[in-house]
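Tertiary structure, described
What follows is the residue order along each chain.
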Amino acid sequence: MKSNLFKKLSPIMYPLASIAFMLLVWHLLFVWVGSEFIFPSIGATLAKLGQYFVSGKFWLALLATLGRVLLCFAISLVLAIAIGVLTKFVPPVGKVLSPIIALFRSAPTVAVMVILILLVDTLFTPIIVGLLVVFPMLYASVTSAIDQVDVGTLQMCHLYNVPKIHQFKYVYLPTVAPYLLGELPATLSFTVKLIISAEILSYSYQSIGGLIQSANVYEDMASLFALTILSVLVATLLDVALTFVAKRVKGGAR
Amino acid sequence: MTKVTHANMHTSANDVVVQNLTLAYGQNVIYNNFSHTFDGGKLHVILGKSGCGKTSLLNAIAGFVPFDGNVVCDKLSYVFQQPRLAHTTVFNNVEMVLFNSIADKALRVQTVQKFLDMAEVGHLAQNFATKLSGGEQQRVSLARAFAYPSQVLLMDEPFKSLDLGIRKTLYKTLDNLLAQTPRTTILVTHDIDEALALADTIYILQNKPCTLTQVCKIDTSRSERDLYSQDMLSLRKQLESLL
């Protein structure tokens, strides 16, 4: 009986214990620092969170940030799939792209942001930065997923003259989709963090990053903490939602 | 220089002609100026030990490996050792090889179902192909090979990983399929019983570089063959001594 109840509760118990531990550490740090201005209390941060939830300005900022995240992620994904598949069927394209992607990967993100802030409207800077970082990640996932496709099955397709569109539908897609779907949730929550960082650095108007930047300017630590918690929540919710969708799609494919 | 010609005009009655085949993997020469003509419409079984070059010969005929020489044969199907099915339904696995040859959807569907029924997997049409048992997967592979409009069929130890009971039912299925849609078949195996059960002609592949020795032609039809008859038992002994 006891062990059954423990098993049922364990999926909730462990995360709750983890949250309780973090709150305890937070509270101890607050007591140790002893100043609401340097290290805010849990209560002050929750009060700030409450204020944000009833503020229209906050919801607009959240929507704008989410819009940027989803736009950046969607463009990166479509480009990664299109170019990844193209490089498989037209290998020279991959060879030409390879140094460009390597450049995107190795370029320091902050340096790229600084350059873009000078060149592009601050509304678009986070999206472009996101594209430059997320696209190479997704492109690498797509190409390595394509490499998982069984060579023997492709040989069979070649022998039997299976049209390319049907090779894509019946051979590539069933191999690539589960692999890629497994990678997407983590990449999406990374995109959230990246876009918010880019918003902070580029002083994007009407954004979570913009709110964090203004809290920083006014040294409003409670707001900084509240917005950080919100960012984590948004990233986690998107991760969970996409993991759920990915599981449904994978289940459907079977 | 690899040259595989798929054209009727070069062959008589669907023969498979291999001329001056030279094939090597690095320093390992598998075939050196190997030539042979496999008569059309017959089931040729090539017997040989594992690693003796049986699959290489089929892969050269199919154009999968680079070689020097010429191979002249008609359009071909291939039943692989592993069935090489796509991660989709049984029906889709067969239909995908027909898109280029049958444009009419209704006719295509009818053809797929006909060959699935002939291979005795018609009832599994909507099942996921890679979830089937080994024997069922190989039946789907046979249906695919026979549905494809080819004149030549290559078979690379297709029944190797299956148990004896399933193998025997598959021999019957292959015999039925060949009776209804005949084609020149080259089957490679290391299993003497399989050779005796299926072959019209049996060859032994041996030596390095490989040479092909014709051992015998079996005139008795497959359905009437008794593997325990005196003739068959003595042929079996002969094959065992050669391998």
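Residues numbered from 1 in each chain as written. Chains lettered and ligands numbered in written order. Predicted model: local features only at pLDDT ≥ 70, side-chain atom pairs only at ≥ 80, totals over all residues.

1. Structural notes on the overall build of chain B
A count of helices and strands for chain B gives seven helices and 10 strands. A globule of 243 residues ought to have a C-alpha radius of gyration of about 18 Å, and chain B, at 18 Å, matches this closely. Taking the principal axes of its C-alpha atoms as reference, chain B extends roughly 50 × 45 × 35 Å. Counting the 243 residues in chain B, one finds 43% classified as buried. (Helix = DSSP H or I, 4+ residues; strand = E, 2+ residues; numbered from the N terminus. Rg over C-alpha atoms; globule rule 2.2 N^0.38 Å. Buried ≥ 20, exposed ≤ 12 C-beta atoms within 10 Å, placed from the backbone.)

2. Things to note about the overall build of chain A
When its secondary structure is counted, chain A shows 10 helices and zero strands. Reading chain A from its N terminus to its C terminus gives the helix and strand order α-α-α-α-α-α-α-α-α-α. Oriented by its inertia axes, the alpha-carbon framework of chain A measures out at about 75 × 65 × 30 Å. For chain A, with 254 residues in total, the buried portion stands at 29%. Counted over contacts in chain A with a minimum sequence separation of 6, partners at least 24 positions apart contribute 73%. (Contact = placed C-beta atoms within 7 Å.)

3. Comments concerning the nonpolar core
Counting residues in each nonpolar core, the largest one holds 117 residues, and the members touching the most others are V45, L47, I61, L116, A143, A147 and L154 of chain B. What I61 of chain B contacts, discounting residues up to four positions off in sequence, is V16, V18, V71, C73 and L154 of chain B. (Core = buried A, V, L, I, M, F, W, Y, C linked by C-beta atoms within 7 Å.)

4. Observations concerning the environment of S141 of chain A
Examined against the element boundaries, S141 of chain A turns out to sit in helix α6 (residues 125-147). Aside from chain neighbours lying at most four places away, what touches S141 of chain A is L180 and E183 of chain A.

5. A word on the interface of chain B and chain A
The interface of chain B with chain A comprises 15 residues on the first partner and 14 residues on the second. Residues belonging to the side of chain B that touches chain A are distributed by class as follows: nine nonpolar, five polar and one charged. (Nonpolar A, V, L, I, M, F, W, Y, C, P; charged D, E, K, R; others polar.)

6. Some words on unusual backbone geometry
Residues K208 of chain B and P209 of chain B are joined by a peptide bond in cis, for which omega reads -5 degrees. As for its placement among the helices and strands, P209 of chain B is situated in the loop between β9 (201-206) and β10 (211-217). Here Y203 of chain A, not a glycine, exhibits a phi torsion of approximately 50 degrees, which is positive. With phi around 55 degrees, N33 of chain B is a residue other than glycine that occupies positive phi space. Assignment of secondary structure puts N33 of chain B in strand β3 (residues 28-38).

7. Quick look at the sheet that holds strand β7 (residues 152-156) of chain B
Residues and elements named next belong to chain B. With mixed pairing, six strands are arranged side by side in an open sheet as β6-β7-β8-β4-β9-β10. Either end of the sheet is taken by a strand with one partner, and the two such strands are β6 (76-79) and β10. On average, each strand axis in the sheet is tilted by 20 degrees relative to the strand beside it, whichever way the strands run. Here strand β4 (residues 43-47) pairs with β9 via four bridges, running parallel. Looking across to β9, one finds that V45 is bridged to I202. Contacts between helix α7 (residues 230-242) and the sheet are confined to β4, β9 and β10, with β10 contributing the most and set at about 170 degrees to the helix. (Pairing = 2+ DSSP bridges. Axes fitted to C-alpha atoms, helices over the stretch in contact; angles between N-to-C directions.)

8. Considering the confidence of the model for chain A
Confidence in the prediction for chain A averages 87 pLDDT; 97% of positions are at 70 or higher. Between the elements of chain A, mean pLDDT differs from a low of 82, seen in helix α5 (residues 109-119) of chain A, to a high of 92, seen in helix α7 (residues 151-159) of chain A. (pLDDT = per-residue confidence, 0-100.)

9. Let's talk about helix α8 (residues 164-202) of chain A
All names here are of chain A. Under the 1.5 Å per step criterion, the end-to-end length of α8 is only 44 Å for 39 residues, more than 12% shorter than the ideal 57 Å. The sharpest bend along α8 comes to roughly 50 degrees, located at Y172, with the proline P174 sitting one to four residues further on. Phi for Y203, located one or two positions after α8, is positive at around 50 degrees. (Expected span 1.5 Å × (residues − 1). Bend = angle between axes of the 7 residues up to and from the residue.)

10. Topic: the packing of α6 of chain A against α8 of chain A
Residues and elements named next belong to chain A. Between α6 and α8, whose axes approach to 9 Å, the crossing angle comes to 160 degrees. Regarding the angle of α6 to α8, the classification is roughly antiparallel. Crossing hand, α6 versus α8: right-handed. When its residues are assigned to classes, the contact of α6 with α8 shows 16 nonpolar, seven polar and two charged. (Parallel < 35°, antiparallel > 145°, perpendicular 65-115°, else oblique. Left-handed = near helix turned anticlockwise from the far one by under 90°.)

11. Considering the pairing of strand β8 (residues 184-189) of chain B
Residues and elements named next belong to chain B. Counting buried positions along β8 gives six out of six residues, so the element sits mostly inside the fold. Residues T184, I186 and V188 point to one face of β8 and T185, L187 and T189 to the other, with burial holding for every one of them. One ladder, built from five bridges, connects β4 with β8; its direction is parallel. Bridge pairing in β8 places L43 opposite T185. Here β7 runs beside β8; their pairing, made up of five bridges, is parallel. Bridge pairing in β8 places L153 opposite T185. Between the parallel elements β7 and β8, the chain passes through helix α5 (residues 164-180) in a crossover that is right-handed. (Right-handed = clockwise from strand over helix to strand, strands pointing away.)

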